[in-house]
Amino acid sequence: MEVFLQQLVNGITLGGVYALVALGYTMVYGIIQLINFAHGEIFAAGGYMGVILISWMVAQGYPPFVCLGVALVLAMGYCALLAMAVEKLVYKPLRSSSRLSVLLSALGMSIFLQNGLMLTQGVYDRAYPGEMVRGGFEIGGAMVSYMQIVIVGITVVLLVGLNTLVFKTRVGKAMRATAQDKTMSALVGINASRIISMTFAIGAALACAAGIMVGMYYGSVRYDMGFVLGVKAFSAAVLGGIGNITGAMLGGLIIGMIEVFAAGYISSEYKDVFAFIILIGVLYFMPTGIMGENVDDTRV
Amino acid sequence: MTIPASRKLWLGYAVAMLWLYVLLWPLIGIKPEGLEFATSTEIWAKLAVVSAILLALWQLKQRGVFDFVSRPAQAASQVFTKAADRVPTWIWLVFVLAGALVFPFLTERYAHDVAISVLVYICLGLGLNVVVGMAGLLDLGYIAFYGVGAYTYALLSVHFGLSFWLCLPLAGAFAAVAGCIIGYPTLRMRGDYLAIVTLGFGEIVRIVLNNWMSLTNGPNGILGIKAPGVYWWQDGKVEHIWLGSLEQLYYVILGLAVCTVVAVYRINNSRIGRAFEAVREDQTAAELMGVNTLGIKLLAYAMGAIFGGLAGAFFASRMRFVSPESFTFIESAMVLAMVVLGGMGSIPGVILGALALIALPEIFRGFELYRMFVFGGVMAMMMLFRPKGLWPAKRMGVRSEEKD
């Protein structure tokens, strides 16, 4: 029971992070049917931006929570700019070419960004300064660290924020309309280009927050950490139903849980395999996911 | 180009450069010791100047300033292409093959080593070309078949002492079976899901190789794999010798590569090749014409896997050692980059791509670290500026939209 509770706590923490990254995949796929391979690298770039900003601010002597908050906001802005640059540079000019070419250029961009991070930040792990949030408490034999509370807290705030943005505001309405039918939404005066750009920016900001939290949770970041996590997050997006925002959140949570429990009860060496197996199983037996997909299949 | 258009272009350039600085500086300039601007500004200034020059040259070219050079050059190249076209293709092939055959006599050990790598990647590239180029299925886990082939030979050689020549077809067969196992559940999926699923499968194969200690010896790999052996005249009588030296291995892989080229060429010009193309261009139309699309896709997948498996068996015999380290995603991406760079579906293109991606980095040894960085950038840019590759594939028949 203690192990179970402990894994539950860990699973929620990890699942929240997957959900944040999965949202970027699902929103981009929903609008332009592109598996944005570079998204995992945006996540890694977020982790690095976090370590860079937090180390600098800690060295200046600011209190930990101020460091974390400011770094989170600045890094999210940075990643949004990065994703928009990638979108403008390589995805936008290819919007009318074949899916294979867009997919290949996305893959090229992913390799490019990953190695760009390696060249500027080095091949080795980069450690987060000290423990930002120390201590924890016990519930029924399971250790819950304050760090996990902070991570889950930030995740919940971001997810609620995104939900409000997408389902309650004018911009969100425009985004949903574009995802449903680009031609029709263009006819009623929605600037599809701007909406697509914004979708990339929002997805990147969420992935960036996830990157910082993963960095803090495990204590360090590495230039290639976005690759495996990216595939898992994409699995989460597919599991929830691609293009479906609520589905991506749920899918992330489920994938996180499955990974943690599989690592705890079955085998920790094969923990990365389970996410892939789920992905393949879902695509085979239930290609539209749990919540149903929401994709505009027309091409502009 | 009109003046407003030109102004818009340079305004776009200025915005892009500003954006670049904002993205570049935090990565380089923020350090725990303090903020620093010199390094990032220097790199940024270099990039800005180079791109400004390129942009200016492009603009001048659009204006027709370089016509006095480009027109005669174009005319000359046309004359040259015509002259080259008049020589039958088989003469060119004989030249290339003769060059490849005498290559080891003219060069040193290091060059042999590079040449062997190039030939291995040519085999891999051609195999992937069947899947990606001909059938249009994006496979990001192709290196798994290379791994299956390598481990097949390694295990059979170490445990049962089977000969390389016997294991070669076995490696191909095992890879084909692996291809079918992976292909069967995945090939019904939407095109772009296939990419991520194959990527997942590639990783699964690597993780299993890494963790199945009793079979594969995990990350330590398998040592003591034998080189290929043949019976050959030596000192007046026929003896069994091991082809252990680099020249001898070079000829083995050259033979394998030639077989691969011939096989892929024949597939391309067969009924199956046309079915591949039909599936790539329009699956629904292909199905209506009576093509068994799932079967054809599975066949493309298995055929690609066979070439990967053969190349893998050779790789194991050349290195005498295999470990999961050699079969990472980066390798898959490399092979894919070759196919894309050379031209999807084009045999000479893939050979050119393999030469460019393996031999060129050897020349620029000092920039080793920048290799994948440049590949990634080139792959993305190729799709923008030359999506058909350096040596585009010739398409069979005439298309209604090209016919007028």
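Residues numbered from 1 in each chain as written. Chains lettered and ligands numbered in written order. Predicted model: local features only at pLDDT ≥ 70, side-chain atom pairs only at ≥ 80, totals over all residues.

**As for the overall build of chain B**
Where we set the bar: Going along the chain from the N terminus, every DSSP run of H or I of four or more residues is numbered as a helix, and every run of E of two or more is numbered as a strand. Using C-beta atoms placed from the backbone, we call a residue buried if 20 or more other C-beta atoms fall within 10 Å of its own, exposed if 12 or fewer do, and partly exposed for counts in between. The contact rule is simple: place each C-beta atom from the backbone, and if two of them lie within 7 Å, those residues are in contact.
When helices and strands are tallied, chain B shows 17 helices and 6 strands. Projected onto its principal axes, the C-alpha positions of chain B cover 80 × 65 × 50 Å. By the burial criterion, 38% of the 404 residues in chain B qualify as buried. A sequence separation of at least 24 residues applies to 76% of the contacts in chain B between residues at least 6 apart.

**Section: the overall build of chain A**
Counting secondary structure elements, chain A contains 11 helices and 4 strands. Projected onto the principal axes, the alpha-carbon positions of chain A cover approximately 55 × 45 × 35 Å. Taking all 300 residues of chain A together, 55% fall into the buried category. Taking all contacts inside chain A whose residues are at least 6 apart in sequence as the whole, residues at least 24 apart take part in 79%.

**Let's talk about the confidence of the model for chain A**
Our working rule: Scored from 0 to 100, pLDDT records how confident the predictor is in each individual residue.
Per-residue pLDDT for chain A has a mean of 88; in total, 98% of the residues score no lower than 70. Looking over chain A, one finds the lowest element-wise mean pLDDT in strand β2 (residues 136–139) of chain A, namely 80, and the highest in helix α8 (residues 192–218) of chain A, namely 94.

**Focus on the domain arrangement of chain B**
So the rule is basically this: Those domain boundaries reflect an automatic or database domain assignment.
Considered domain by domain, chain B is made up of domain 1 (3–84) and domain 2 (89–394). For domain 1 of chain B versus domain 2 of chain B, the distance between C-alpha centres works out to 36 Å.

**What to know about the packing of helix α1 (residues 2–32) of chain A against helix α5 (residues 146–168) of chain A**
Residues and elements named next belong to chain A. Quick reminder of the rule: All axes are obtained by fitting lines to C-alpha atoms, using only the stretch in contact for helices, and the reported angles, taken between N-to-C directions, cover 0 to 180 degrees. Crossings are assigned a handedness: left-handed for a near helix turned anticlockwise from the far helix by less than a right angle, right-handed for a clockwise turn. Polar here means any residue other than Ala, Val, Leu, Ile, Met, Phe, Trp, Tyr, Cys and Pro, which are nonpolar, and Asp, Glu, Lys and Arg, which are charged; Gly is therefore polar.
Look at α1 against α5: their axes get within 10 Å of each other, and the N-to-C directions meet at 35°. The element α1 and its partner α5 pack so that their crossing is left-handed. Mapping the contact onto sequence places Val9, Ile12, Thr13, Gly16, Val17, Ala19, Leu20 and Leu23 in α1 and Gln148, Ile151, Val152, Thr155, Leu158, Leu159 and Leu162 in α5. In terms of residue class, the contact of α1 with α5 is made up of 11 nonpolar, 4 polar and no charged.

**Some points on the environment of Tyr218 of chain A**
Within the element layout of this structure, Tyr218 of chain A appears in helix α8. Overall, Tyr218 of chain A belongs to the partly exposed group, with 14 C-beta atoms counted inside 10 Å.

**A closer look at the interface of chain A and chain B**
The parts lose accessible area when they come together, and the size of an interface is often stated as this lost area. Taken together, the contact pairs 44 residues of chain A with 41 residues of chain B. Listing elements by their share of the side of chain A that touches chain B, those giving two or more residues are α2 (39–60), α3 (64–91), α4 (99–121), α9 (225–240) and α11 (271–285) of chain A. Ranked by the residues each element gives to the side of chain A that touches chain B, the list is headed by α4 of chain A, at 16 residues. When grouped by side-chain class, the residues that make up the side of chain A that touches chain B number 32 nonpolar, 9 polar and 3 charged.

**Looking at the pairing of strand β3 (residues 142–145) of chain A**
Residue and element names in this part refer to chain A. Note the threshold: At least two DSSP bridges between two strands are needed for those strands to be called paired.
The pairing of β2 with β3 spans 4 bridges and is classified as antiparallel. The partner of Ile139 across the bridge, within β3, is Ala142. Between β2 and the antiparallel strand that follows it, β3, lie 2 residues; Gly140 among them carries a positive phi value of about 50°.

**Regarding the nonpolar core**
For clarity, the threshold we go by: The term nonpolar core refers to a set of buried Ala, Val, Leu, Ile, Met, Phe, Trp, Tyr and Cys residues connected through C-beta atoms within 7 Å.
Counting residues in hydrophobic clusters, the biggest one holds 220 residues, and the most contacted among them are Cys79, Ala204, Cys208 and Ala209 of chain A together with Cys123 and Ala300 of chain B. With 17 residues, α8 of chain A is the single largest residue contributor to this core. With residues near it in sequence (within four places) discarded, Ala209 of chain A still touches Leu20, Gly46, Leu72, Met76, Ile154 and Leu158 of chain A.

**A look at the confidence of the model for chain B**
Summarising the model, chain B shows a mean pLDDT of 88, and 97% of its residues fall at 70 or more. The complex prediction reports pTM at 0.90, with the ipTM value standing at 0.87.

**Quick word on the pairing of strand β5 (residues 237–242) of chain B**
On any regular strand, side chains alternate: one points to one face of the sheet, the next to the other face. Along β5 of chain B, only 0 of the 6 residues are buried, which leaves the element largely exposed. In this structure, the hairpin formed by strand β4 (residues 229–234) of chain B and β5 of chain B is closed by a connection of 2 residues, where Asp235 of chain B is found at a positive phi of approximately 50°.

**Remarks on helix α6 (residues 143–160) of chain B**
Residue and element names in this part refer to chain B. For clarity, the threshold we go by: Multiplying 1.5 Å by the helix residue count minus one yields the expected span of that helix.
An ideal rise of 1.5 Å per residue puts 26 Å on 18 residues; α6 measures up with 25 Å between its terminal C-alpha atoms. With 14 of 18 residues buried, α6 lies mostly within the body of the structure. Where α6 terminates, the next one or two residues include Gly161, which has phi positive at roughly 65°.

**Notes on unusual backbone geometry**
All names here are of chain B. With a phi angle near 60°, Asn217 is a residue other than glycine that sits in the positive phi range. Structurally, Asn217 is set in the loop between α9 (213–216) and β3 (222–223). When the 18 C-beta atoms within 10 Å are taken as the criterion, Asn217 is described as partly exposed. The residue Arg320 is not glycine, and still its phi comes out positive at about 60°. Turning to its location among the elements, Arg320 is positioned in the loop between α13 (293–319) and β6 (321–322).

**A closer look at the packing of helix α5 (residues 109–134) of chain B against helix α10 (residues 246–268) of chain B**
All names here are of chain B. To keep it simple, the criterion reads: Here the angle decides the label: under 35 degrees means roughly parallel, over 145 means roughly antiparallel, 65 to 115 means roughly perpendicular, and every other value means oblique.
One can describe the packing of α5 onto α10 by two numbers: an axis separation of 9 Å at closest approach and a directional angle of 20°. By the criterion of interaxial angle, the relationship of α5 to α10 is roughly parallel. The crossing of α5 and α10 is left-handed. Classifying every residue of the contact of α5 with α10 by side-chain character gives 19 nonpolar, 4 polar and 3 charged.

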